[in-house]
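Coordinate inspection notes
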Amino acid sequence: MTDTKVSSSPATEALPGSRREFLRRAALTAIAAPVASTLLAACKDEDHAQPAQSVTTSPASPKSQIPTEHGGTMPTPAAGAVTATAADQMDAMHEKGIKAFPAKTAGKGNQLMQPKIVSGVKVYEITARKIQWETEPGKMVEAWAYNDQVPGPQIRVREGDRVRMIVKNELPESTAVHFHGVELPNDQDGVPYITQPPIKPGQTYTYEFTAPNPGSHMYHSHHNSAKQVGLGLLGAFIIEPKAKRPVEKVDVDYVMILNDGMHGYTLNGKGFPATEPLVAKLGQKVRIRFMNEGMMIHPMHLHGMHMTVIDKDGWPQPAPWKCDTLNIAPGERWDVIVNCNNPGVWAFHCHILPHAESDHGMFGMVTALIVNK
Ligand SMILES: [Cu+2]
């Protein structure tokens with residue numbers, strides 16, 4: 001039997017005919033899997049690829065033979081040498097990702113938008129259209145974006161402001177904008193066939209209201225939304241209170257929008273290592289406004305320091321409470337304060353680990369809080 005048999009797809013082989021054969025196959029797969037994944041990794045990461053031969057065609061040791069499906073034996077790799085090589089390859093990929101952080105990509109989402117002031121009204125002109133978006137270095141994806149940003153521009157108004165949003169639809173589908181968490185008059189709620197007709201391709205639609213309940217809210221498509229929000233039609237809609245609570249007096253204010261649609265696992269439209277680090281000086285207070293626009297829960301975990309939760313969906317908590325891992329469910333917003341009293345570069349990531357790390361290193365929902373001395 002040749003080595004190539006080890007990595008051949010089970011689909012090309014005969015179906016298991018018995019439990020015994022199934023167990024034997026499972027044992028084989030368990031042995032073959034690390035080799036296959038190493039090979040896959042080596043193919044995907046040429047900079048750090050070791051010659052594949054060193055992994056797959058190590059001289060067979062006569063004493064280490066694996067029974068095959070057909071009753072024969074096949075050579076195992078010489079364990080010590082191979083393990084070191086595979087470990088080095090894997091470590092190199094992990095190191096490469098970390099060293100690249102924060103990696104530069106084209107496009108930046110969630111940029112604070114300045115309104116036009118028209119007769120005392122804050123006017124935001126938003127165009128929805130299809131763009132190409134770089135989620136991580138070299139990875140271009142189709143995005144449906146507001147003003148060519150994923151997430152769309154960050155809108156910050158004050159409680160009591162008169163706000164007008166003029167939405168132009170340049171998409172190939174109808175759309176509508178819903179102000180998520182904002183307690184508006186019914187006709188401004190942005191749900192096609194319930195509160196308005198859909199905004200057809202080429203049409204423009206105007207929303208206008210007085211900013212009500214303060215807090216960290218969102219705006220997003222409410223039409224074919226699994227696709228449209230998944231492709232990027234979303235943004236932060238923050239209503240600042242007329243009077244800030246003492247706990248809200250912070251040095252740095254970050255918005256972190258989570259998504260898990262067609263662009264993979266992203267923080268503010270980017271996957272690690274292209275995610276943006278949060279940066280503070282020792283002793284500063286940082287507010288983080290988590291917003292989940294995806295379809296899965298993401299328990300965000302900060303290393304080194306705890307988070308103090310102050311608001312849920314824009315509503316002050318009865319008393320602030322502490323945690324280091326915070327579940328952010330779809331649609332939820334959580335506001336937390338971090339007292340940056342521990343200097344260093346602190347990993348900050350979703351703790352559903354397949355959203356953050358693979359054999360190839362960290363990816364997706366990973367960033368860092370950097371506390372400078
Ligand atoms: Cu996650």
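Anyway, here's the lowdown on the structure attached to this text.

Each value, and the rule that gives it
- Residues numbered from 1 in each chain as written.
- Predicted model: local features only at pLDDT ≥ 70, side-chain atom pairs only at ≥ 80, totals over all residues.
- Heavy atoms only, no water.
- Donors = N, O, S within 2.8 Å, 3.2 Å for Na, K, Ca; no water.
- Helix = DSSP H or I, 4+ residues; strand = E, 2+ residues; numbered from the N terminus.
- Buried < 20%, exposed > 50% of the residue type's maximum accessible area, 1.4 Å probe, protein only.
- Phe/Tyr/Trp six-rings, centres within 6.5 Å; stacked < 30°, edge-to-face > 60°.
- Lys NZ or Arg CZ within 6 Å of the ring centre and 35° of its normal.
- Pairing = 2+ DSSP bridges.
- Axes fitted to C-alpha atoms, helices over the stretch in contact; angles between N-to-C directions.
- Salt bridge = Lys/Arg side-chain N within 4 Å of Asp/Glu carboxyl O.
- Core = buried A, V, L, I, M, F, W, Y, C linked by side-chain atoms within 4.5 Å.
- Contact = heavy atoms within 4.5 Å.
- Polar contact = N/O pair within 3.5 Å; in protein donor to acceptor, adjacent residues only side chain to side chain.

A word on the coordination of the copper ion. Distances from the copper ion to its protein donors, His298 (ND1), Cys350 (SG) and His355 (ND1), fall within 2.0 to 2.1 Å. Site description for the copper ion: donor spacing in sequence, H-x51-C-x4-H. You can see His298 sitting in strand S16 (residues 298-302) and its partner His355 sitting in the loop between strand S21 (344-350) and strand S22 (357-358), a full 57 residues away along the chain. The residues His298 and His355 share a single accessibility class, namely buried.

With that settled, the discussion passes to the packing of aromatic side chains. To describe a pair of aromatic rings, you give the distance between the ring centres and the angle between the ring planes. Scanning all chains against the criterion turns up nine aromatic pairs. Both rings, one in Phe179 and one in Phe209, keep their centres 5.0 Å apart while their planes meet at 70 degrees; by these two values the pair is edge-to-face. Taken together, the residues Phe179 in strand S8 (residues 177-180) and Phe209 in strand S9 (residues 204-210) connect sequence positions 30 residues apart. This pair shows no difference in class: Phe179 is buried, exactly as Phe209 is. Note on Phe179 and Phe237: the rings are 5.4 Å apart at their centroids and 75 degrees apart in plane angle, and the pair reads as edge-to-face. Of this pair, Phe179 sits in strand S8 while Phe237 is found in strand S11 (residues 234-240), placing the two residues 58 residues apart along the sequence. Take Phe179 and Phe237: they sit in the same class, and that class is buried. One aromatic cluster in this structure is built from Phe179, Tyr205, Tyr207, Phe209 and Phe237. If you follow Lys312 out to its NZ or CZ, it ends over the ring of Trp334, 5.4 Å from the centre.

Here we come to the sheet that holds strand S14 (residues 278-281). Taking strand neighbours across the sheet as the criterion, the five strands line up as S14-S24-S21-S16-S19 in an open arrangement whose pairing is mixed. A single partner strand is all that each edge strand has here, and the edge strands are S14 and strand S19 (325-328). Put simply, the sheet's adjacent strands are angled 20 degrees from each other on average, direction ignored. Pairing of S16 with S21 involves three bridges; the strand directions are antiparallel. By the bridge assignment, Met300 is partnered in S21 with Cys350.

Another point: the pattern of salt bridges. Under the counting rule described, the total for this entry stands at 21 salt bridges. For the salt bridge of Lys312 with Glu332, the shortest nitrogen-to-oxygen distance reads 3.4 Å. Taken as a pair, Lys312 in strand S17 (residues 307-312) and Glu332 in the loop between S19 and strand S20 (333-339) lie far apart in primary sequence, 20 residues in all. Each of the salt bridges in this network shares a partner with another, and the network as a whole consists of Arg156, Glu240, Arg245, Glu248, Asp253, Arg287, Arg289, Asp311 and Asp335.

Our focus in this paragraph is the pairing of strand S15 (residues 285-292). Taking burial as the measure, the eight residues of S15 include seven buried ones, the bulk of the element. For strand S12 (residues 252-259) and S15, the ladder comprises seven bridges, and the chain directions are parallel. Directly across from Val255, in S15, lies its bridge partner Arg289. Here seven bridges tie S15 to S20, and the two strands are oriented antiparallel to one another. Looking at S20, one finds that Val286 is bridged to Val338.

Ranked by internal contacts, the top residues of the largest apolar core, which has 27 residues, are Phe290 and Phe348. Considering each element in turn, this core owes the most residues, four residues, to S12. Aside from chain neighbours lying at most four places away, what touches Phe290 is Met256, Leu258, Met300, Met307, Leu326, Ile328, Glu332, Arg333, Trp334, Val336 and Phe348. By size, the runner-up hydrophobic cluster in this structure holds 26 residues, among which are Ala128, Ala176, Val177 and Ala211.

Here the focus is the side chain of Asn292. Following the sequence through the fold, Asn292 ends up in strand S15. A polar contact is formed between the side chain of Asn292 and the backbone nitrogen of Gly294, at a distance of 2.6 Å. Here Met296 takes part through its backbone oxygen, which lies 2.8 Å from a polar atom of the side chain of Asn292. Once you skip the residues sitting within four places of it in the chain, Asn292 turns out to touch Met218, Leu258, Ile297, His298, Ile328, Ala329, Pro330, Gly331 and Glu332.

Buried residues dominate strand S10 (residues 215-221), accounting for seven of its seven residues. Relative to S10, S8 is paired through four bridges, and the arrangement is antiparallel. Among the inter-strand pairings, Phe179 is bridged to a residue of S10, identified as Tyr219. Relative to S11, S10 runs antiparallel, the two sharing six bridges. In the sheet register, Tyr219 faces S11, and the bridge partner there is Gly235.

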